[in-house]
Amino acid sequence: MNSSSKSYGLIAEFTTAADILHAAQKVRDAGFSRWDVFTPFPIHGMDGAMGIRNSRVGWFSFLGGATGYTSGMLMVWYMNAYDYPIVIGGKPMFSPFYPFIPCFELTILLGAFGAVLGMMFLNRLPRLHHPLLKNRRFAQATHDKFFLVIECDDPKYSEIVTRKLLEATGSQHIELVED
Amino acid sequence: MSTLSHSGGLPPLDLSRWSKVPGLLIGAGVVLCLIGALLNLKQFGYSWLLAFMFYLSLVLGSAFLVMMHHLFDASWSVGIRRFCEHLACLAFPWMAILFLPIALLAPKIYPWMSLDPAQDHDLAAKWPLFTKPGFYLAAVLCFGAWALFTSRLRYWSLKQDEDGAARCTYKLRFHSSWGIAAFAFTLTLAAIMWMKALQHQWFSTMYGVYYFAGSVWVALATAYAIAMILDRQGLIRDIMGAEQYYFLGSLMFAFTVFSAYIHFSQYFVIWNANMPEETFWYVLREKGSWFAVGLVLIFGHFLVPFLALLRINVKLMFKFMLPLCAWIGLMQYVDLSFNIMPVLHPNGVALQWVWLDAGCLALMGGVLAKVFVRDLNRHPAYPVKDPRLAEAMGLYPEVPKAMAEEELTQTGKLSGAQPHSRGGGR
């Protein structure tokens, strides 16, 4: 580890989508956990090449949706059957049918909130700064270059061995990024 | 992609001992149907109608999947297209032949046929559709339309297997475009004339969509199951990857929600308006054990498949999806039974006639399975010259990184565009 300033990670540059796909497979097989790939466009099969498992965002939207449905039912029951009972059109004070539409809407609303907030939570967003943004070459990730970054925090990380691994994947340019 | 596929190198199953099943089903079905028809002709008519509407939903749903493939110019559904064409082609002549007992027993099945329109306002209001000529003309119209578009869709598809001509794709798109409109009209007409007419006083504008939602739902489940089997046998292995199964599973999920949405909306509108001329349909279906069947539908038709299909990875699990596909078939049958049977048995499910229901189901299933397997063996298992075949297989043609100077001038000529003012130079 650097003594003066902490390093963020090793960045490797690639010129084609195929190269970075194969590099990602090698890094995955080497057992790294804290690493990522940055490409100008989505690459088919990258999830598999990186060994990314199913996203956990679904659980957040499921919880949000379930909360929305239950709170909708409780709200209508509380207002119409408990707090201020009113007979409307000869209908029962409470029935699972007529509150269904607001419940449905609340399911969608809170499900969407769950998905967005869960995504931000899992991605640790919002974030005002990222060390990679200081790297001048990294700007090419939005144009025609492909980048693979392995973070120094990875338990398998070692500057010499990891650099060798990245060299073996055929990267043209490898650089240590400062934090 | 192939690493996620179900078949994943498993050896083909030995299906030879299953080849006798359709024959056995037909044999058992004929015996049970004959006994049933002799014991109680009206009950036989209802049981036959139930089985007929069940298989009709599968056949029409498959036709819908084929037409959607052409209308959206899809690439993922190339692998399931051919056997869906075979399923759709069961509509004529086979479903038409199986309709004959209904046509003959119609005066026994449909109470409105023995009523006088002068005495019955509900019947008079539906003149001339609800007359005997109207009934039989509607059937002729439905089977005529189905015969035309299903046969055209398979004819041009098989033609393309031979020559690979683009003309076939254009023809298929043409027949899908008018076919989808005819499909919507005839499916609604069939659902009204053959199912809703059991209680002719009733009206619901959602009824056609209700039948459509269940049809596509059960067709998707069947397509998934057949695709899994053909994949395992190595017949369509190259074009069925994880993506294709995922899309099929997603559509199954979508139609689970869609059919629940339609069922609920129909119920909700009638429940909320609370008018006797509409509510009697549901009041009848809340009597006796039909109430329990209604609950089975809420949980089994919607909640179980909904929760089961929520997760992304279960849509790719063979062992999970096969039982679910069978469950979806069962629920579609229970749903149709909930629509048809309470008219004959208002006090509850007639368990003493279950054997006759099963007999009709077995006889029709055996006949249709025999025809389907015959068609499947006769033709290639997937459209071998479909223009989107390579895409469906996950193969993308190599994109040239740079073009030679000559090629650039040639492409200019090919497109018929004016050459650049700056000439060939860059």
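Rules and cut-offs
- Here the residue index of a chain counts from 1 through its sequence in written order.
- Labels follow written order: the first chain is A, the first ligand is 1, and so on.
- Only residues with pLDDT of 70 or above have their local features reported here, since the model is predicted, and side-chain atom pairs are shown and tallied only from 80 upward, although totals for entire chains, interfaces and linings are computed over all residues.
- Values reported for side chains reflect all heavy atoms of the structure, with hydrogen atoms and water molecules removed beforehand.
- Secondary structure elements are taken from DSSP: a helix is a run of H or I of four residues or more, a strand is a run of E of two residues or more, and numbering for both begins at the N terminus.
- As a reference, a globule follows 2.2 Å times the number of residues to the power 0.38, and the radius of gyration itself is taken over C-alpha atoms.
- The contact rule is simple, with two residues in contact once any of their heavy atoms fall within 4.5 Å.
- All accessible-area figures derive from a Shrake-Rupley calculation using a 1.4 Å probe, and residue coverage is judged against the displayed protein chains alone.
- His is not counted, nor are the chain ends, whereas Lys and Arg count as positive and Asp and Glu as negative.
- Just so you know, the charge point we use is NZ for Lys, CZ for Arg, CG for Asp and CD for Glu.
- Geometry of aromatic contacts follows a simple scheme: Phe, Tyr and Trp rings, the Trp one being its six-membered ring, pair when their centres are within 6.5 Å, and the pair is stacked under 30 degrees between planes, edge-to-face over 60, tilted otherwise.
- Using a 1.4 Å probe on the protein chains alone, a residue whose accessible area is under 20% of its type maximum counts as buried, one over 50% counts as exposed, and one in between counts as partly exposed.
- Counted as over-ring charges are cases with an Arg CZ or a Lys NZ within 6 Å of the ring centre that also lie within 35 degrees of the ring normal.
- Take the buried residues of types Ala, Val, Leu, Ile, Met, Phe, Trp, Tyr and Cys, join any two whose side-chain atoms come within 4.5 Å, and each joined set is a nonpolar core.
- Only when DSSP finds a minimum of two bridges between them are two strands counted as paired.
- Only the stretch in contact is used when a helix axis is fitted, and all axes are lines through C-alpha atoms; the angle between N-to-C directions ranges over 0 to 180 degrees.

Draft legend 1. Layout of the overall build of chain A. Check the secondary structure of chain A and you find 5 helices and 4 strands. Going from the N terminus to the C terminus, chain A shows its helices and strands as β-α-β-α-α-α-β-α-β. Relative to the 2.2 N^0.38 estimate, which gives 16 Å for 179 residues, the radius of gyration of chain A is 25 Å and therefore markedly larger than a compact globule would have. On the principal axes, the C-alpha backbone points of chain A span a range of 75 × 35 × 30 Å. Across chain A, every contact between residues at least 6 apart in sequence was considered, and the portion connecting residues at least 24 apart equals 76%. For chain A, the computed accessible surface area is about 11200 Å², with 63% contributed by carbon and sulfur atoms. Of the charged side chains in chain A, 16 are positive and 16 negative, and the gap between their average positions amounts to 2 Å.

Draft legend 2. Representation of the packing of aromatic side chains. A full pass over the atoms with the stated rule returns 48 aromatic pairs over all chains. Considering the side-chain rings of A:Trp59 and A:Phe62, the 6.5 Å spacing of their centres and the 85° angle between planes classify their relative orientation as edge-to-face. Here A:Trp59 pairs with A:Phe62, and both are found in helix α3 (residues 57-83), just 3 residues apart, close to one helical turn. Using a relative accessible area of 38% as the deciding quantity, one classes A:Phe62 as partly exposed. Members of the aromatic cluster, connected to one another through ring pairs, are A:Phe97, A:Tyr98, B:Trp202, B:Tyr207, B:Tyr210, B:Tyr267, B:Trp271, B:Trp281 and B:Tyr282. Directly above the ring of B:Trp271 sits A:Lys91, whose terminal nitrogen or CZ lies 5.6 Å from the centroid. Directly above the aromatic system of B:Trp281 lies the positively charged group of B:Arg285, at a separation of 3.6 Å from the ring centroid.

Draft legend 3. View of the nonpolar core. Counting residues in hydrophobic clusters, the biggest one holds 129 residues, and the most contacted among them are B:Phe52, B:Met53, B:Phe83, B:Tyr110, B:Trp146 and B:Trp194. Ranked by residue count, the leading element in this core is helix α2 (residues 41-71) of chain B, at 20 residues. Discounting chain neighbours no more than four positions away, the residues touching B:Phe52 are B:Met95, B:Leu98, B:Phe99, B:Ile102, B:Phe143, B:Trp194 and B:Met364. Of all hydrophobic cores here, the second largest spans 23 residues; its members include A:Ile20, A:Trp35, A:Ile43 and A:Tyr157.

Draft legend 4. Inspection of the sheet that holds strand β1 (residues 7-14) of chain A at higher detail. All names here are of chain A. Taken in spatial order, the 4 strands make up an open sheet running β2-β3-β1-β4, and their pairing is antiparallel. Across the chains shown, the open sheet's two edge strands, defined by having one partner strand only, are β2 (35-38) and β4 (173-178). The average angle at which neighbouring strand axes cross in this sheet is 20°, direction not considered. Relative to strand β3 (residues 146-151), β1 runs antiparallel, the two sharing 6 bridges. Residue pairing in the sheet places Phe14 in a bridge with Phe146 of β3.

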